[in-house]
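# Architecture and fold: a report
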Amino acid sequence: MRCKILVVFLLWLLGATQALAEARIALIIGNGDYHSVGKLPNPPNDAKLMAKTLSAIGFEVTLVSEGSFSDMRSAISAFGARLRESGKDTTGLFYYAGHGVQSFGRNYLLPVDATLTNAADISLVAIEADSVLQQMRSAGNTTNIVILDACRNNPFKKVLDLGDNGLAEMNAPAGTFLAYATGPGQTAADGTGSDSPFTLALASEIQKPGQSLEEVFKEVRRTVRKDTGNMQTPWDTSSLSADFFFVPVKALSSEEQAEQQLWDALATSNDPMQISLFLKAYPDSAHSGEARALLKTLLEAMVSPDPTPGKSTASPETPAPSAEEMAAFDEARLAGTREAYEAFIKQFPASVLVEAANQEIVVLPKSEPVASADKGLSVVPDVAVEPDDPAAYDNLSVAFDTPLVVGPAELVGHTLDELISEGTPLYPPFEGLPDEVWKGQKCTSCHQWTRDILCDQAKVLLGLSGETAQRSLAIKHPLGTPFKLTLRAWAKGGCG
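### Description of the overall build of the protein
Scanning the protein for helices and strands turns up 17 helices and 12 strands. The proportion of buried residues among the 496 residues of the protein is 51%. Summarising the internal contacts of the protein: among those between residues at least 6 apart in sequence, 70% fall at separations of at least 24.

So, in structure tokens, the structure goes:
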């Protein structure tokens, strides 16, 4: 039988974020191969598990397995000396798994060579638990942790004056957190595996970043109750005045902060292109799973009249939208107006995306046309267009394989064919995208552009007017607003 595990935390931190930068020293002892009393199969395994877990989170660990009285006494003394050498900012942790008994309110840890015929001799053959605390007090360090998995039934059945119900409750001095695997005076089960339910739960929880000490043991309590069918309830008491974290939350680097900010902005996006670019920019992101799920939902929604996420009502026979339809629909969606969707429907009346376009039209107000003195395509005042007079594009003759003669220097002298195959973006596809993802990249890495697809987009632009046209031009394009004006002129001439 197992019994309550006592965890004593003597805590005083300068700050939770400093914890991992300070020294962390642990002594782990696991006794099970007893010479004169019943053997315990789990404690050596529990000790190894705790040693491995604590090493992984930054503790300098000394492991003593099957310790004799001399081994334990020497190890505890060396542990105290190591704490004193390391300074007061050091965190000290002591873990013991094995037999433990109580006598007259004092708790004792049994070495593997312990023999006893009279309770008066207990201090001569066993280690008093308070001796560990005395070593820690002598070091004067700010944070000390003692974990005692030493609370089983009394192994010395014939020795009077030894408690038969585990360890006695210990007082919690200031800055101390005490936790037991079960209530004081009760025993806890070994469990059916090679480790105790309490140690398994504790080893799991202390590895989780950002959990305070209280949160760790709250989760341990839930887990142990569940795993033991509510037969065992860990118990704790505290006099802490500061927070302690086994694993503080890792501070984000500047790149990680940029990634997080970008995802926060896109998490509620309805733009598959933006989600795709996020995945390209951060393929190993912690949010990549969420991003892929969102992208799948958005793509399904584009072919499904059912607004339920992840559910498509398109029949197996319904053809998927073509690349041309997707490109034109994307342009209409970016414009976000009734007129844009109506232009899409006019261009692709048989598209499976018509249903989605009609749904958008229902909820969108009809825009009023905006007068333009030159009868050309007007632009919002804050959109930078080169040359300054957008009317220059009204009667412009544009051919797919003829160099452009109007526009910024980056476009003039290049053909549309060259721009969509060899051109590089002038602006990020959407705000917040890291420069290394789009700068110097070919436009084909972001768009499946062909002459026909580009013509479909150009026709959508040509079909826009008034406020709808203004909104479309206000949406940033990787090749700039002049490129949109050029496409409109190209469509006006029949995409020749």
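### Some details on the packing of aromatic side chains
Two numbers describe a pair of aromatic rings. These are the distance of the centres and the angle of the planes. Applying the stated criterion across every chain, the model contains 4 aromatic pairs. With 6.4 Å between their ring centres and 35 degrees between their planes, Phe198 and Phe217 make a pair best called tilted. Of this pair, Phe198 sits in helix α5 (residues 197-205) while Phe217 sits in helix α6 (residues 213-227), and the two are 19 residues apart along the sequence. Phe217 shares its class with Phe198; the two are buried. Ring geometry for Phe244 and Phe246: centres 5.1 Å apart, planes at 85 degrees, overall edge-to-face. Each member of the pair Phe244 and Phe246 is classed as buried.

### Some details on the state of the cysteines
Under the criterion given, the structure shown has 1 disulfide. Note that Cys455 is cross-linked by a disulfide to Cys495, the S-S spacing being 2.2 Å. An S-S torsion of about 95 degrees defines the bridge between Cys455 and Cys495 as right-handed. Highlighted residues: Cys455 in helix α15 (residues 451-463) and Cys495 in the segment after α17 (481-492), separated in sequence by 40 residues. Judged by relative accessible area, which is 9%, Cys455 ranks as buried. Overall, Cys495 belongs to the buried group, its relative accessible area being 9%.

### Section: the pattern of salt bridges
Pairing of side chains with opposite charge becomes possible as their charged atoms draw close. For the coordinates displayed, the defined rule picks out 7 salt bridges. For the salt bridge of Arg82 with Glu60, the shortest nitrogen-to-oxygen distance reads 2.9 Å. Here Glu60 lies in strand β4 (residues 60-65) and Arg82 lies in helix α2 (residues 69-86), a separation of 22 residues in the sequence. A relative accessible area of 30% means that Arg82 is categorised as partly exposed. Here Glu60 falls in the partly exposed class, since its relative accessible area comes to 38%. Its salt-bridge partner being Arg106, residue Asp130 comes within 4.0 Å of it at the nearest N-O pair. With Asp130 in helix α4 (residues 129-139) and Arg106 in strand β7 (residues 106-109), this pair connects stretches of sequence that are 24 residues apart.

### Quick word on the packing of α2 against α4
Helices that pack against each other are described as a pair by the angle of their axes relative to one another and the distance between those axes. Remark: α2 packs on α4, axes separated minimally by 8 Å, with the N-to-C direction vectors making an angle of 20 degrees. The angle between α2 and α4 falls in the class roughly parallel. α2 and α4 meet at a crossing whose hand is right-handed. Taking contact as the criterion, the partners of Ile76, Ser77, Phe79, Gly80, Leu83 and Arg84 in α2 are, on α4, Val132, Gln135, Met136, Ser138 and Ala139. The residue makeup of the contact of α2 with α4, split by class, is 6 nonpolar, 4 polar and 1 charged.

### Some thoughts on the sheet that holds strand β6 (residues 100-103)
In spatial order, the strands read β6-β7-β8; together these 3 strands make up an open sheet with antiparallel pairing. Two strands bound the open sheet, and with one partner strand each, they are β6 and β8 (127-128). Here β6 runs beside β7; their pairing, made up of 4 bridges, is antiparallel. Bridge pairing in β7 links Gly100 to Leu109.

### Comments concerning the side chain of His287
In this structure, His287 sits in the loop between α8 (272-281) and α9 (288-301). Classification of His287 by relative accessible area gives buried; the value is 14%. A distance of 3.4 Å separates a polar atom in the side chain of His287 from a polar atom in the side chain of Trp263. Residues contacting His287, with those up to four places away along its chain left out, are Gln260, Trp263 and Phe278.

### Quick word on the pairing of strand β9 (residues 143-149)
Each regular strand shows side chains that alternate between the opposite faces of the sheet. The buried count for β9 comes to 7 of 7 residues, which makes it a mostly enclosed element. On β9, burial covers both faces: Thr143, Ile145, Ile147 and Asp149 on one face and Asn144, Val146 and Leu148 on the other are all buried. Both strand β5 (residues 91-97) and β9 contribute to a ladder of 7 bridges, which runs parallel. By the bridge assignment for β9, Tyr96 is matched with Leu148.

### Looking at unusual backbone geometry
Despite not being glycine, Phe104 shows a phi value in the positive range, around 50 degrees. In this fold, Phe104 is placed in the loop between β6 and β7. Of note in this structure, Asn230 is not a glycine but carries a positive phi near 65 degrees. Relative to the elements of secondary structure, Asn230 occurs in the loop between α6 and β12 (235-238).

### Describing the packing of helix α1 (residues 43-56) against α5
Interhelical geometry of α1 versus α5 gives an angle of 5 degrees and a closest axis separation of 10 Å. Classified by the interaxial angle, the pair formed by α1 and α5 is roughly parallel. Facing Asp46, Leu49, Met50 and Thr53 of α1, the residues of α5 in contact are Thr199, Leu200, Leu202 and Ala203.

### Side note on the environment of Gln186
Tracing the sequence through the fold places Gln186 in the loop between β10 (176-180) and β11 (187-188). The class of Gln186 is partly exposed, set by a relative accessible area of 43%. In this structure the C-alpha to C-alpha distance between Gln186 and Gln232, which are 46 residues apart in sequence, comes to 9.2 Å.

### A short note on the environment of Ala340
Along the chain, Ala340 turns up in helix α11 (residues 338-347). Given the relative accessible area of 0%, Ala340 is considered buried. Each C-alpha atom of the pair Ala340 and Ala328 lies 9.6 Å from the other, and the pair is 12 residues apart in sequence.

What counts, and where the lines are drawn
- Residues numbered from 1 in each chain as written.
- Predicted model: local features only at pLDDT ≥ 70, side-chain atom pairs only at ≥ 80, totals over all residues.
- Heavy atoms only, no water.
- Helix = DSSP H or I, 4+ residues; strand = E, 2+ residues; numbered from the N terminus.
- Buried < 20%, exposed > 50% of the residue type's maximum accessible area, 1.4 Å probe, protein only.
- Contact = heavy atoms within 4.5 Å.
- Phe/Tyr/Trp six-rings, centres within 6.5 Å; stacked < 30°, edge-to-face > 60°.
- Disulfide = S-S within 2.5 Å.
- Salt bridge = Lys/Arg side-chain N within 4 Å of Asp/Glu carboxyl O.
- Axes fitted to C-alpha atoms, helices over the stretch in contact; angles between N-to-C directions.
- Parallel < 35°, antiparallel > 145°, perpendicular 65-115°, else oblique.
- Left-handed = near helix turned anticlockwise from the far one by under 90°.
- Nonpolar A, V, L, I, M, F, W, Y, C, P; charged D, E, K, R; others polar.
- Pairing = 2+ DSSP bridges.
- Polar contact = N/O pair within 3.5 Å; in protein donor to acceptor, adjacent residues only side chain to side chain.

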